[in-house]
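Survey of secondary and tertiary structure
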Amino acid sequence: MPPNFSIQDILHGNVGQLEQLLRSAAAPSPVAGLCNTTAEKLCHFLLKGEQFDATLETHLIALQHALSLQIARDDAFYCDAQHPLRSALQLILNRASIWYARDSKASQQYLEKLVEFMQVCVRGDPHHLRATQQEFLRWLESEDKRAAMLESRLCETEINHFKMISAEARVLDLINASLAFKLFPQDSTAGISSVLKSELLHSYFNAGSESPFWKKWQRLLPMLGKVFVTINVQDRSEEDEQSLYRTIPALLNELDACLELNTSHPDSYRQWVESISEKLMLAIKKQSIHCEAFVALSYPEDHSNLNTRVTADLLQQTNHFTQGDWILFSGETGQTIRCKLALKSTEMDQLLFVDHTGRKVMNKSVKDFAVCLSTGIAKKLVIISIEETIAKIIQALIDLYQQKQAQLQAQQEAQHAKQVAEAEQLRQAEEQRKQEIEAETKRQIVAKLAERQAAAQKALAEAAALAEERARRTAELKLEEERMRLQLEAEQAAEKLQRVQLANINISSLNLGARVELIINNEPVRCKLAVIIAATGKYIFVDNLGRKIAELQRESLVQALLDNQLSLLSNGDSFDDQLVKVIRGLRKDIS
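Since the model is a prediction, treat every value here as computed from it, not as a measurement.

**Let's talk about the sheet that holds strand 3 (residues 326-330)**
Spatial ordering of the open sheet is given by 6-5-4-3-7, a layout of five strands whose pairing is antiparallel. Edge positions in the open sheet fall to strand 6 (360-365) and strand 7 (378-380), since each of these has one partner strand only. Pairwise comparison of adjacent strand axes, ignoring direction, gives a mean angle of 35° for this sheet. Sheet topology places strand 5 (residues 350-354) next to strand 6; five bridges connect them, and they run antiparallel. By the bridge assignment, Phe353 is partnered in strand 6 with Met362. Here helix 14 (residues 366-375) sits on the sheet in contact with strand 3, strand 5, strand 6 and strand 7, set at roughly 100° to strand 6.

Written out as structure tokens, the structure is:
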């Protein structure tokens, strides 16, 4: 009975079962070759270049080569989660994947410490490795505390900055919406940006839109913009004159009331309000007022003004990201920026990203970040799990062993079928030989009676020869039919085995995110592979909304593929041409 290998038993310390699996999967070749190949594949996958900054490439290549040799000689690496080399490798994965080259002393020091630890791993001295790892962990702990403090202070500063930007944008929206491109007294225009803007910002920042000062000017600014436009109309109608005589006195009263409100700079504020009142009095007296078109005030540089439509589905993608998640941004120069989402302020629609030292990398609005995600400029950093990778490696070894067993069984069945066919041929040959002997005996008897029954003997001999020929042809026909039947069965068995092997290989190659088409209730349903539970061989498929469509065992998937109830679809990425300009703008933010 062939052995039954368990991934969980091997992962939890059964080194003997792993050794037996390696020997069985390698047979008839030497097991050392399979051990080396498996270790090389594991190290290449864990330390592949795209997971890390290009600066680390040379060190990673050396580390891959050294670790593959060490792992190939030590099967316990696969079975012991606390194996020194395994914990060191996981530490490198966790820490190297979040570092990228920055022009700072902290970044350079981090690189030096990381490279020093990688070089110790390359040398392969277990005692030195443990001591160096403990020292590296202590240094990382102190750096993490320093980074956390820096990040905390940065978040507090950025929150206040976001509030200030938001308040200033609100003030500018009010002023520009009321006065932009409208005629306004020339000598009072400068006071809007130097006096009124400052007072509105002070009022909104401290008391919000419910403050009396904000409400007063929220009502007055549109009225002032409309009045000065009417004042500068050539040949005003009687209706316009009457409107001015009704509106200006009310405005003057409102402006006088404004002087009673608390302000941060009362002198300059009073002077500017009185200048506006003087212009209105000149208008009442029908004296000329020099006006010019008010130029819209510019927004601060940090204010996001992305004029791109973003759908609700696109914005919803940002909900899957939380503070502490690591993000990869692709810059225009080709460098990948690795940063952590330190602050997610839904109130101000802003995100703050920092590096591993807690220093600021960039700000993004939620809208900008959603576009970055949809266009591939940004994606979530997923740290590779060594245990999950080892589980996949072991499953691949089990699949290889099972394929070889299936091939061996097919060969044995074909050999058995061949032996049966040969035995049948021998039996038929023996039967034919016996028939020939009997025919010869009859011929001799007939020959002895030839003299007495010449005519009868001749007719009997011809009949016997004819019967003999028919019997021989019948025997040959049966033999050929049997041989063809056995050959057809052998070919069908080999074809069936080949289809099963191909189906197993296709299922084994499925990764998370693969798209397939399942036949459910005689209807094709397209879905995505969301979960692979290697321990139980369970595969869970969901639709585009994340709802579970099907939950199948590995054997069921193989059978579905054989029965044409499952089709593997290719997955292609597409870009929205309408977002190309936006993408370029977003890349310029990244440095």
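Moving on, there is more to tell.
**Quick notes on the pattern of salt bridges**
When the charged atoms of two side chains with opposite charge come close together, those side chains can pair. Within this structure, the stated rule accounts for 27 salt bridges. Arg485 is paired through a salt bridge with Glu489; the nearest N and O atoms lie 2.7 Å apart. Here Glu489 and Arg485 lie together in helix 16 (residues 454-508), a separation of four residues that amounts to about one turn. Residue classification places Arg485 among the partly exposed residues on the basis of a relative accessible area of 38%. One network of salt bridges, with partners in common, ties together Glu469, Arg472, Arg473 and Glu476.

**A few points about the packing of helix 8 (residues 126-179) against helix 10 (residues 212-231)**
Put simply, helix 8 and helix 10 touch, their axes get as near as 8 Å, and they point 25° apart. On the basis of the axis angle, helix 8 is roughly parallel to helix 10. Contact residues: helix 8 offers Arg170, Val171, Leu174, Ile175, Ser178 and Leu179, while helix 10 offers Trp214, Gln218, Leu221, Pro222 and Gly225. A class-by-class count of the residues in the contact of helix 8 with helix 10 yields seven nonpolar, three polar and one charged.

**Regarding the environment of Arg102**
Turning to its location among the elements, Arg102 is positioned in the loop between helix 6 (84-96) and helix 7 (105-123). For Arg102, a relative accessible area of 30% translates into the label partly exposed. Separated by 235 residues in sequence, Arg102 and Ile337 have C-alpha atoms that sit 9.4 Å apart. Excluding anything up to four places from it in sequence, Arg102 contacts Ser107, Asp355, Arg359, Lys360 and Val361. Among the polar contacts listed, one links the side chain of Arg102 to the side chain of Asp355, at a separation of 2.9 Å.

**Looking at the nonpolar core**
Among the nonpolar cores identified, the biggest contains 59 residues, and Leu47, Ile71 and Tyr78 are the most heavily contacted of them. Contact partners of Tyr78, with chain neighbours within four places excluded, come to Ile10, Leu11, Leu18, Thr38, Ala39, Leu42, Ile71, Arg86 and Ile390. Phe213, Leu251, Leu259 and Ile276 belong to the second largest nonpolar core, which has 39 residues in total.

**Here's the deal with a nonpolar patch on the surface**
On the surface, Leu183, Val229 and Val233 cluster together into a nonpolar patch covering about 180 Å² of accessible area. Tracing the backbone shows Val229 in helix 10. We classify Val229 as partly exposed; its relative accessible area is 34%.

**Topic: unusual backbone geometry**
When glycine is set aside, most residues are seen to have a negative phi, and most peptide bonds are trans. Residue Ala27 is joined to Pro28 through a cis peptide bond whose omega torsion reads 5°. Within the secondary structure, Pro28 sits in the loop between helix 2 (15-26) and helix 3 (31-46). Phi at Asn521 is positive, roughly 55°, even though this residue is not glycine. Tracing the backbone shows Asn521 in the loop between strand 8 (515-520) and strand 9 (523-533).

**A word on the environment of Gln559**
Within the secondary structure layout, Gln559 lies in helix 17 (residues 554-562). Measuring from C-alpha to C-alpha, the distance between Gln559 and Asn504 comes to 9.4 Å, with 55 residues separating the pair along the chain.

**Considering the packing of helix 6 against helix 15 (residues 386-448)**
Contact pair helix 6 / helix 15: the axes reach a minimum separation of 10 Å and the direction vectors enclose 115°. Together, Arg86, Leu89, Gln90 and Leu93 of helix 6 and Ile386, Glu387 and Ile390 of helix 15 make up the contact between the two elements. By residue class, the composition of the contact of helix 6 with helix 15 is four nonpolar, one polar and two charged.

**Notes on the confidence of the model for the protein chain**
Residues at a pLDDT of 70 or more form 93% of the protein chain, whose mean pLDDT is 85. The model gives residues 572-578 a pLDDT under 50, and that stretch makes one contact with residues more than four places away or in other chains.

Analysis parameters
- Residues numbered from 1 in each chain as written.
- Predicted model: local features only at pLDDT ≥ 70, side-chain atom pairs only at ≥ 80, totals over all residues.
- Heavy atoms only, no water.
- Pairing = 2+ DSSP bridges.
- Helix = DSSP H or I, 4+ residues; strand = E, 2+ residues; numbered from the N terminus.
- Axes fitted to C-alpha atoms, helices over the stretch in contact; angles between N-to-C directions.
- Contact = heavy atoms within 4.5 Å.
- Salt bridge = Lys/Arg side-chain N within 4 Å of Asp/Glu carboxyl O.
- Buried < 20%, exposed > 50% of the residue type's maximum accessible area, 1.4 Å probe, protein only.
- Parallel < 35°, antiparallel > 145°, perpendicular 65-115°, else oblique.
- Nonpolar A, V, L, I, M, F, W, Y, C, P; charged D, E, K, R; others polar.
- Polar contact = N/O pair within 3.5 Å; in protein donor to acceptor, adjacent residues only side chain to side chain.
- Core = buried A, V, L, I, M, F, W, Y, C linked by side-chain atoms within 4.5 Å.
- Patch = residues over 30% accessible without salt bridge, like charges linked within 9 Å, V, L, I, M, F, W, Y side chains within 5 Å.
- Areas by Shrake-Rupley, 256 points an atom, 1.4 Å probe, with all protein chains shown as cover.
- pLDDT = per-residue confidence, 0-100.

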